[in-house]
Amino acid sequence: MKILVLHGINLNMFGKRDPAQYGTVTLAEIDQRVRTLGKELGTEVECFQTNHEGEMCERIHKAHEEGFHGVIINAGAWTHYSYGIRDALAILKAPIVEVHMSNVHAREPFRHVSVFADVVKGQICGFGAESYLLALRAAVAAA
Ligand code: DQA
């Protein structure tokens, strides 16, 4: 089995940005934890981060051809307004798990909306780095 983990805009700054919301864990550490759990669960994990919306769409298009069994996405702020990424995700046949470190529903109103909500299998938010590990378990269970 292979699972693709997609990180969007500004997530490369985890560790440095707003520790009250995101803690001090870096994206590299998150990827390492996800890969380690992947090994335990018997799945290969590929991680990708970009700050460019078109590049994210192109990575999703490529994933369509690559036979991933599941996709995990934290698109950062794009979650709340990017119809381009939403439409790209809608093309995928594999189950998609939307993930957020923070509890987006306990924050500013613009974060309460996810334009991906109806094209993903489910959403996990509010558990910090642990959100990704829960998302991996969910993606493996859904695959
Ligand atoms: C986030 C929540 C988003 O609202 C925000 O724009 C992010 C990170 C999270 O992981 O909690 O960049 O997706």
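Residues numbered from 1 in each chain as written. Predicted model: local features only at pLDDT ≥ 70, side-chain atom pairs only at ≥ 80, totals over all residues.

Draft legend 1. Representation of the UniProt feature "active site" (unreviewed entry) in the chain within the structure. According to UniProt, the positions carrying the feature "active site" (unreviewed entry) are Y22 and H100. Their sequence span is 79 residues, while the largest C-alpha to C-alpha distance among them is just 9.5 Å; these annotated residues converge on one region. Looking at the secondary structure, you find Y22 in helix α1 (residues 19–22). For Y22, a count of 18 C-beta atoms within 10 Å corresponds to the partly exposed category. (UniProt positions renumbered as here; feature names shortened; annotations may be inferred. Helix = DSSP H or I, 4+ residues; strand = E, 2+ residues; numbered from the N terminus. Buried ≥ 20, exposed ≤ 12 C-beta atoms within 10 Å, placed from the backbone.)

Draft legend 2. Structural detail: the site of the ligand. All residues in the neighbourhood of the ligand are listed as N10, N74, G76, A77, T79, H100, M101, S102, V104 and R111. In terms of residue class, the shell around the ligand is built from 3 nonpolar, 6 polar and 1 charged. (Near = placed C-beta within 6 Å. Nonpolar A, V, L, I, M, F, W, Y, C, P; charged D, E, K, R; others polar.)

Draft legend 3. Main features of the sheet that holds strand β4 (residues 96–100). Read across the sheet, 5 strands follow the order β2-β1-β3-β4-β5 without closing on themselves; strand pairing throughout is parallel. Of all strands in the sheet, those bounded by a partner on one side alone are β2 (44–49) and β5 (122–125). Ignoring strand direction, the axes of neighbouring strands in this sheet form an average angle of 20 degrees. Pairing of strand β1 (residues 2–7) with β2 involves 6 bridges; the strand directions are parallel. The partner of V5 across the bridge, within β2, is C47. (Pairing = 2+ DSSP bridges. Axes fitted to C-alpha atoms, helices over the stretch in contact; angles between N-to-C directions.)

Draft legend 4. Structural view of the packing of helix α3 (residues 53–66) against helix α4 (residues 83–91). The interhelical angle for the contact between α3 and α4, taken along N-to-C directions, is 5 degrees, at an axis separation of 9 Å. As the angle between them shows, α3 and α4 are arranged roughly parallel. Mapping the contact onto sequence places E53, M56, C57, I60, H61 and H64 in α3 and G84, I85, A88, L89 and I91 in α4. (Parallel < 35°, antiparallel > 145°, perpendicular 65-115°, else oblique. Contact = placed C-beta atoms within 7 Å.)

Draft legend 5. Molecular detail of the confidence of the model for the chain. Put simply, the chain has an average pLDDT of 97, and 100% of its residues get 70 or more. Two numbers describe this predicted complex: its pTM, 0.97, and its ipTM, 0.99. (pLDDT = per-residue confidence, 0-100.)

Draft legend 6. The arrangement of the pairing of β1 in detail. Most of β1 is tucked away: 5 of the 6 residues are buried. Relative to strand β3 (residues 70–74), β1 runs parallel, the two sharing 5 bridges. When the bridges of β3 are listed, H7 appears paired with N74.

Draft legend 7. Looking closely at the UniProt feature "binding site: substrate" (unreviewed entry) in the chain. The sites that UniProt annotates as "binding site: substrate" (unreviewed entry) are N74, H80, D87, M101, S102 and R111. Their sequence span is 38 residues, while the largest C-alpha to C-alpha distance among them is 24.2 Å; these annotated residues do not converge on one region. Considering the arrangement of structural elements, one finds D87 in helix α4. Of the residues examined, D87 has 13 C-beta atoms within 10 Å and is grouped as partly exposed. Take M101: it is sitting in the loop between β4 and β5. Those residues in contact with M101, other than ones at most four positions away along the chain, are Y22, G128, A129 and S131.

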